[in-house]
Amino acid sequence: MRAASFTAPTLKALWRTRRKSFVPIDQSGVWRFRELLPPFPGEEKIITLREGNTPLYSLPSCARAVGVEHLLAKHQGMNPTGSFKDTGMTVAASMARREGFRWVGCASTGNTSASMAAYAARAQMRSLVLIPQGKVSWGKLSQALDYGAITFELKTDFDGCSRVLNEVVDRMPVYLLNSVNPYRIEGQKTAAIELLEQLDWQAPDHVIVPGGNLGNSSALGKAFVELEELKLIARLPKVSIVQAEGANPLVRTMRETGGKRLIVVQAETAASAIRIGSPASWKKAVRVLEQTGGMVAEVSEVEIAWAKAQIGADGVGCEPASAVTLAGLKKMVAAGFVKPGESVVLILTGHLLKDPDFTLKFHRGELFGSLLHSKQSEMLRAHERAPILLEASGDAVISALERVEERSEA
Ligand code: F0G
């Protein structure tokens, strides 16, 4: 039955009861909320890895660092393949299976391909992955390979891969699993539902999300609006979207055209997941900003690196693209858009282990070379923890440890 046939308290109780069930689709943090998903006759065709069910963490040291009192992180990197993509993929891949497709395909900056390859493999479908050459972290690439995807590295960027894929799906029976697929968006809505359930249906003041192809911000915004319509929540959170300065088409679109016309950019950022210059779902994202009263922000490469280390320092960690949320929040507090007493939820989209190269380079001081101003390097240096090479003796370890202690007390 559809959600509108239930009262809000009945829906809440139904979703809660399913948490105790041993049935796979009830254990999925996506299908548990199936009253808000498109109808899916033939439940045995559903492909689930028990996605969703992700934790909501407090971030006390991040909160202090940016000057807010109530800061939480919904960690979508704790999904089965390590990113939020699984919540949409379970729905869209199941649709592909039900429609009898042998091949599914996507263009990707890495996470979509890892997720698609896993869900396709579960259902013995073949997967076609198009990725920009040299611009996908090896953590993500290795996942796609392990799950048996046929992977083509193209001599172009993500936007070029998307164009090529569209041509391929026009000419071949390949089911398109990029986030323009409406079932991906429907599945990704469930992160917002689960978040509100974890907050006992009290909407936070702000939700902050990274923006790449802009499917996720669209999905979360759509979910909040539907939850309000169903009286599951009393008000909408403001949904704000953060991009890297070097990959900021939505920021420029809002600033230069008021959201009327897309400004395409040549994207460049070390947060490779969001290295996207021509986002497919920009119109939907503009609507989410308008409906919820959120803002767009852009953050520098140094700010992203700082924010990622800061999230790590709370024992949580995330991949670089997710860290734009904290860097963006810092700016929103400085601009007075987020007040110190307001509640804020960051959507962390990918797991720390997705991009170990970035983390190692950061700690070795190799991320920026000598490009930094001294003030910026100071801000980063405090977080750097490169491994230290020592002789294999207790004396060597103890004296090095004492030097570390002295430095942290100084
Ligand atoms: N964060 C991570 C970790 C991502 O992988 C992506 C997108 C985003 C944020 C942005 O989300 O595109 O919905 O605005 N990654 C895609 C991919 C493009 O191919 O994995 P979006």
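This one's a predicted model, so the numbers in the text were calculated from it and none came from an experiment.

S.K.: Before we move on, can you summarise the sheet that holds strand E8 (residues 238–244) with the specific residues and values?
M.R.: If you walk across this open sheet you meet the six strands as E1-E2-E10-E7-E8-E9, and the pairing is mixed. Two strands bound the open sheet, and with one partner strand each, they are strand E1 (56–58) and strand E9 (296–299). Pairwise comparison of adjacent strand axes, ignoring direction, gives a mean angle of 25° for this sheet. The sheet strands contacting helix H11 (residues 249–257) are E8 and E9, and the helix crosses E9 at an angle near 130°. Lying over the sheet, helix H13 (residues 301–313) contacts E8, E9 and strand E10 (343–348), oriented at roughly 95° with respect to E9.

S.K.: Break down unusual backbone geometry for me, citing the residues and quoting the values.
M.R.: Phi at Asn53 takes a positive value of approximately 55°, unusual for a residue other than glycine. Position of Asn53 among the secondary structure elements: in the loop between helix H2 (24–27) and E1. Relative accessible area serves as the criterion here: at 33%, Asn53 is assigned to the partly exposed category. For Leu214, which is not glycine, the phi torsion reads 75° and is therefore positive. You can see Leu214 is positioned in the loop between strand E7 (206–210) and helix H10 (215–229). On the accessibility criterion, Leu214 (2% relative accessible area) is buried.

S.K.: Which residues make up the pairing of E8, and what values go with them?
M.R.: E8 sits mainly inside the fold: six of its seven residues count as buried. Pairing of E7 with E8, which is carried by five bridges, proceeds in the parallel orientation. Pairing of Val207 across the sheet is with Val239, part of E8. Chirality of the crossover, the property in question, places the unit of E7, H10 and E8 among those that are right-handed.

S.K.: Got a sec to walk through H10? Specific residues and values, please.
M.R.: Here H10 is 15 residues long and its end C-alpha atoms lie 21 Å apart, about the 21 Å a rise of 1.5 Å per residue gives. Counting buried residues in H10 gives twelve out of 15 residues, a clear majority hidden from the surface. Those residues of H10 that fall on the buried side of the exposure criterion are Gly215, Asn216, Ser217, Ser218, Ala219, Leu220, Gly221, Ala223, Phe224, Val225, Glu226 and Leu227. Elements that come into contact with the buried residues of H10 comprise helix H8 (182–188), helix H9 (190–198), E7, E8, helix H12 (282–292) and E10. Positive phi shows up at Lys231, right after H10, with a value of about 60°.

Procedures and definitions
Residues numbered from 1 in each chain as written. Predicted model: local features only at pLDDT ≥ 70, side-chain atom pairs only at ≥ 80, totals over all residues. Heavy atoms only, no water. Pairing = 2+ DSSP bridges. Helix = DSSP H or I, 4+ residues; strand = E, 2+ residues; numbered from the N terminus. Axes fitted to C-alpha atoms, helices over the stretch in contact; angles between N-to-C directions. Contact = heavy atoms within 4.5 Å. Buried < 20%, exposed > 50% of the residue type's maximum accessible area, 1.4 Å probe, protein only. Right-handed = clockwise from strand over helix to strand, strands pointing away. Expected span 1.5 Å × (residues − 1).

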